[in-house]
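The residues making up each chain are set out below.
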Amino acid sequence: MKDVILHAFNWKFKDIADRARRIADAGYGAVLFPPPLYSDENGPEWWQRYQPKDYRIMRSHLGRKQDVQRAIDELAKWGVRSYVDVVFNHMANESRQDRWNFPGQAELDRYKKERAEFEKDKLFGNLDEGFFDDHDFHPPGDISNWSDKAQLVDLALSGLPDLVLSIAVVRAQVQCLEALVAMGFSGFRVDALKHLPVAHINTVFRSGAMQGKYIFGETLTFDRYQNDLFLWPVLSQTGMPCYDFPLQQTMLRSFSPSGSLRELIHPDAYGNSLPWDKSVTFTVTHDVPNNDGFRGMLLDPHDEYLANAYVLGRDGGVPLMYSDNGESARSHACDSGRWENLWCRYDVTQMINFHNSVQGESMWVLWESDGLLVFARGDRGIVAINKTGEWAHADIRTWGLRWGNWRCQIHQHQMNIWGDRFQFAVPPRQAQMWLWEG
């Protein structure tokens with residue numbers, strides 16, 4: 001089964017629907033939708049989608065419920081699964097007198113006034129009633145110590161009303177998930193996982209509706225200390241696959257001028273990546289370019305190309321490819337064009353083709369040095385990555401590899417493998433992904 005996830009970051013739902021066939025043809029197995037729950041429909045900023053007003057309504061700047069449903073249906077038509085980003089840690093930070101009541105009296109009045117239109121966008125529930133009140137939130141107070149687990153769970157993210165593990169909150173979130181499943185979603189990204197109590201995660205995301213669904217979490221960490229403090233405990237206590245920030249940190253080191261690609265051979269053996277079956281692998285997520293405090297986690301643009309080859313060439317984890325609409329370029333001109341249309345860029349789709357062709361095949365190293373890494377996938381796939389500024393050469397044993405013609409999926413070069421050994425050459429700062437053709 002194809003497993004590569006396209007993170008359609010901040011895409012309008014209509015665009016997902018319109019591109020469904022091209023997404024399937026590019027080799028993706030699933031699309032991660034932006035958060036679709038009711039948020040400021042007049043707010044174009046990407047972060048608005050991460051400030052829900054009401055779980056019972058599906059409406060935002062990106063579209064309405066019918067747009068989401070059409071996107072799900074169009075993807076299903078071409079065999080692509082629909083995953084959705086859910087935000088259950090907090091509600092919207094709004095300047096109004098009843099800010100601890102959701103959706104608030106003004107919105108309830110609007111529901112009545114525009115009854116027919118809001119009924120079209122309703123997921124579940126009675127829109128004549130309030131949804132949350134002040135009993136469902138922690139007392140006001142923002143996180144000040146980001147290494148304090150208690151603060152991360154009990155205090156607010158920059159004023160966002162922070163939900164508690166109450167019966168009403170659990171019931172509402174389970175109902176929301178059931179409604180999303182009924183629409184056709186089969187996977188869920190859990191936002192801000194380290195800010196949710198483990199009991200909350202296990203209670204809500206192990207409900208009946210979640211059985212058989214692919215559920216993974218985002219526990220944003222920057223280094224080994226934070227991995228040990230937040231990520232590994234969440235993994236061990238929930239068993240939920242997570243974004244593989246340890247692997248991203250390892251790639252950041254390995255592809256740096258002083259780093260070594262040898263770190264990428266068996267990163268899981270040294271705690272430098274998550275276990276293969278609990279890992280969502282990536283080179284960049286939306287938080288990294290769009291928040292100034294995280295931009296130090298960005299790879300050099302060309303290193304990111306090489307790292308994409310590694311993520312899509314290796315065995316282990318579920319790869320996620322990020323593609324945006326240039327949101328970060330509005331503040332950082334250097335990002336212009338970097339991730340826009342990445343989803344259909346030739347090198348990326350060819351890497352995905354390689355991944356899909358060798359999925360499930362074993363991986364072993366054919367050559368290693370600080371600057372050159374060559375590994376096999378089964379007997380019919382080879383990945384070579386040269387991070388240096390010079391041609392790199394390797395003397396490869398052919399044991400375990402098929403003899404005959406091979407083609408590089410990225411560059412369309414051909415080579416012939418036969419005999420006991422062959423000489424391998426990789427240009428400077430390049431990646432190659434070879435498949436056996438016969």
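Residues numbered from 1 in each chain as written. Predicted model: local features only at pLDDT ≥ 70, side-chain atom pairs only at ≥ 80, totals over all residues. Heavy atoms only, no water.

Asker: Explain helix α3 (residues 65-77) to me, using residue names and the numbers behind them.
Answerer: Look at α3: 18 Å from first C-alpha to last across 13 residues, which is about the 18 Å you get at 1.5 Å a residue. Here α3 has its buried residues at Val-68, Ala-71, Ile-72, Glu-74 and Leu-75. The buried residues of α3 occupy one face: seen down the axis, they fall within an arc of 165°. Residues of α3 that are exposed and point more than 90 degrees away from the buried face comprise Gln-66, Ala-76 and Lys-77. On its buried side, α3 packs onto α1 (13-18), α2 (20-25), β2 (30-33), β4 (63-64), β5 (81-86) and α7 (167-183). Positioned one or two residues after α3, Gly-79 has a phi angle of 80°, which is positive. (Helix = DSSP H or I, 4+ residues; strand = E, 2+ residues; numbered from the N terminus. Expected span 1.5 Å × (residues − 1). Buried < 20%, exposed > 50% of the residue type's maximum accessible area, 1.4 Å probe, protein only. Arc of directions from axis to C-beta. Contact = heavy atoms within 4.5 Å.)

Asker: Tell me about the pattern of salt bridges, residues and numbers included.
Answerer: Inspection of the entire model under this criterion finds 34 salt bridges. Between Asp-370 and Arg-262 there is a salt bridge, with its nearest N and O atoms 2.9 Å apart. With Asp-370 in the loop between β11 (363-368) and β12 (372-377) and Arg-262 in the loop between α10 (245-254) and β9 (279-281), this pair connects stretches of sequence that are 108 residues apart. Look at Asp-370 and you get partly exposed, because its relative accessible area is 42%. (Salt bridge = Lys/Arg side-chain N within 4 Å of Asp/Glu carboxyl O.)

Asker: Tell me about the nonpolar core, residues and numbers included.
Answerer: Core analysis: the largest hydrophobic core is formed by 131 residues, its most contacted members being Tyr-28, Phe-33, Tyr-55, Phe-132, Phe-205, Ile-382 and Phe-424. Broken down by element, this core gets its largest block of residues, 9 residues, from α7. In contact with Tyr-28, other than residues within four places in its own chain, are Lys-2, Val-4, Ile-5, Leu-6, Ile-23, Val-80, Met-321, Leu-342, Trp-343, Val-348 and Ile-352. (Core = buried A, V, L, I, M, F, W, Y, C linked by side-chain atoms within 4.5 Å.)

Asker: I'd love a proper account of helix α9 (residues 224-238), names of residues and values included.
Answerer: An α-helical turn contains 3.6 residues, so any two residues separated by three or four positions project in the same direction. In this model α9 runs 20 Å from its N-terminal to its C-terminal C-alpha over 15 residues, within 8% of the 21 Å that 1.5 Å per residue would give. A maximum bend of about 35° is found in α9 at Leu-231, where proline Pro-233 lies one to four positions downstream. Burial in α9 covers these residues: Gln-226, Asn-227, Leu-229, Phe-230, Leu-231, Pro-233, Val-234, Leu-235 and Thr-238. Where α9 is buried, its residues touch α6 (149-154), α8 (198-205), β8 (242-243) and α10. Trailing α9 by a residue or two, Gly-239 shows a phi angle of about 70°, which is positive. (Bend = angle between axes of the 7 residues up to and from the residue.)

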